[in-house]
Amino acid sequence: MMEAKPTILVAEKLDEAGLQLLKNFANVDCSYNLSLEELCTKISLCDALIVRSGTKVTREVFESSGGRLKVVGRAGVGIDNVDLSAATEHGCLVVNAPTANTIAAAEHGVALLTSMARNIAQADASLKAGKWQRNKYVGVSFVGKTLAIMGFGKVGSEVARRAKGLGMRVIAHDPYAPTDRALAIGVELVSFDAAISIADFISLHMPLTPATLKMFNDVAFSNMKKGVRIVNVARGGVIDEEALVRALDSGIVAQAALDVFTEEPPQKGSKLVNHENVTVTPHLGASTAEAQEGVAIEVAEAVVGALKGELAATA
Ligand code: MLT
C-alpha cells in the first residue's frame, strides 16, 4: 500500500522555489495570518509547520498537534519565536535556514548605518513635506570612527568586512567568537564594557536568549560614549526600549536605526518609533529577493529531510 503524503502547513509567505520543493514531496497548505486559535485547529492535521518570525509557535501549538507534528521549520535564522522546550517534550524537531539570509541582514545593517549617519530618512521626509533643510541635516563621517560589532557571528562578521571598507576601525564583542577569525578580517575582540565605552557606532548582531534579553539597558547606555549611534538588525528584545528612549532624550545616544522591535509590529504611537533621531524599518533584514529564495530552499530542504528521517535538528 502507498504511504499517504505528509501535510506541511506554511503559515507565512515562502518563496515559490521553496514551495515547489515542498510540493514535490507533500501536500502543502499555505494559510497566512492565522490566529492562534486557527493555527491550533489546523496543526493537528499537519506533519510539519513552516514559519518566519511573525508566528509564535507556543506550547499551546505543540499541545494541539496531538503528537502528529514532527518538524517546525523556521524560514530564517532566529528561533526565538519557537518554544524549544515544548518542541522537545512533544518529540518535534526544529530546523532553520542558518545561512541564506546572512548577506541580506549584513547589507541592511550597513544600509541603516549609512542612512542614519546622513539623515537620509529624515531629509527625505522633510523635502517631500516641501522643506529645504540643508543646515538641519548635517551628518557624520565614518572614516577613523570606531564601530563595535556586538555578536560576531555570520552577520556580524559580514558587517565588519563592509565597515572596514568605509574606513572604520572595527572592534567586536562576542564571548564565543574565535580570535583568529576576528584577526583574519582585522577586528579586535574586546569585552562588553570596553566595546560599548569606546565605540562611536554600535551594531547589534546577537541572538535573543535569556542572557541577551535587555542587555542594552540603562546601565549599558550610561557606560556608552556620549553621542553614540546604534543600529539593531538582530532582535528588538536585546534592547530595553524604554531605556533607549531615555538615552536618546538625554543625548547619550545621538541616533538609532532599528529594524526589529520587542513587539512586532510595535504599538501605534510608540515613542521610540516616532522619535526624531530614530530611523525605522519593519524587520526587513532578510528581505531581498535573493535571500528569500535562498531561505525558502534552505528551510524546505531541511523540513523535507527531517520528514524523511534524514536530518537531526539544525536549530
Ligand atoms: C532571521 O532570524 O533570520 C530574520 O529575522 C529573518 C526574518 O524572519 O525575516
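The name an unreviewed UniProt entry gives the protein chain is D-3-phosphoglycerate dehydrogenase, with Quillaja saponaria as the organism. As recorded by UniProt, the Pathway (unreviewed entry) comment attached to the protein chain reads in full: "Amino-acid biosynthesis; L-serine biosynthesis; L-serine from 3-phospho-D-glycerate: step 1/3." What UniProt states about the protein chain under its Catalytic activity (unreviewed entry) heading is, verbatim, "(2R)-3-phosphoglycerate + NAD(+) = 3-phosphooxypyruvate + NADH + H(+)".

A. Up close: the sheet that holds strand β4 (residues 71-74). With parallel pairing, the five strands of this open sheet are ordered in space as β2-β1-β3-β4-β5. Two strands lie at the open edges of the sheet, namely β2 (27-30) and β5 (93-96), each paired on one side alone. The average angle at which neighbouring strand axes cross in this sheet is 20 degrees, direction not considered. The pairing of strand β1 (residues 7-10) with β2 spans four bridges and is parallel. Across the sheet, the residue bridging to I8 is V28, located in β2.

B. Geometry of the sheet that holds strand β12 (residues 278-280). One open sheet accounts for seven strands, arranged β8-β7-β6-β9-β10-β11-β12; its pairing is parallel. Pairing within the sheet leaves two strands with one partner each, and these edge strands are β8 (188-189) and β12. Pairing of strand β10 (residues 228-232) with strand β11 (residues 253-258) involves five bridges; the strand directions are parallel. Note on β11: the bridge partner recorded for V231 is A257. Of the strands in this sheet, β9 (201-204), β10, β11 and β12 are in contact with helix α5 (residues 102-117), which crosses β10 at around 145 degrees.

Definitions and cut-offs
Residues numbered from 1 in each chain as written. Predicted model: local features only at pLDDT ≥ 70, side-chain atom pairs only at ≥ 80, totals over all residues. UniProt positions renumbered as here; feature names shortened; annotations may be inferred. Pairing = 2+ DSSP bridges. Helix = DSSP H or I, 4+ residues; strand = E, 2+ residues; numbered from the N terminus. Axes fitted to C-alpha atoms, helices over the stretch in contact; angles between N-to-C directions. Contact = placed C-beta atoms within 7 Å.

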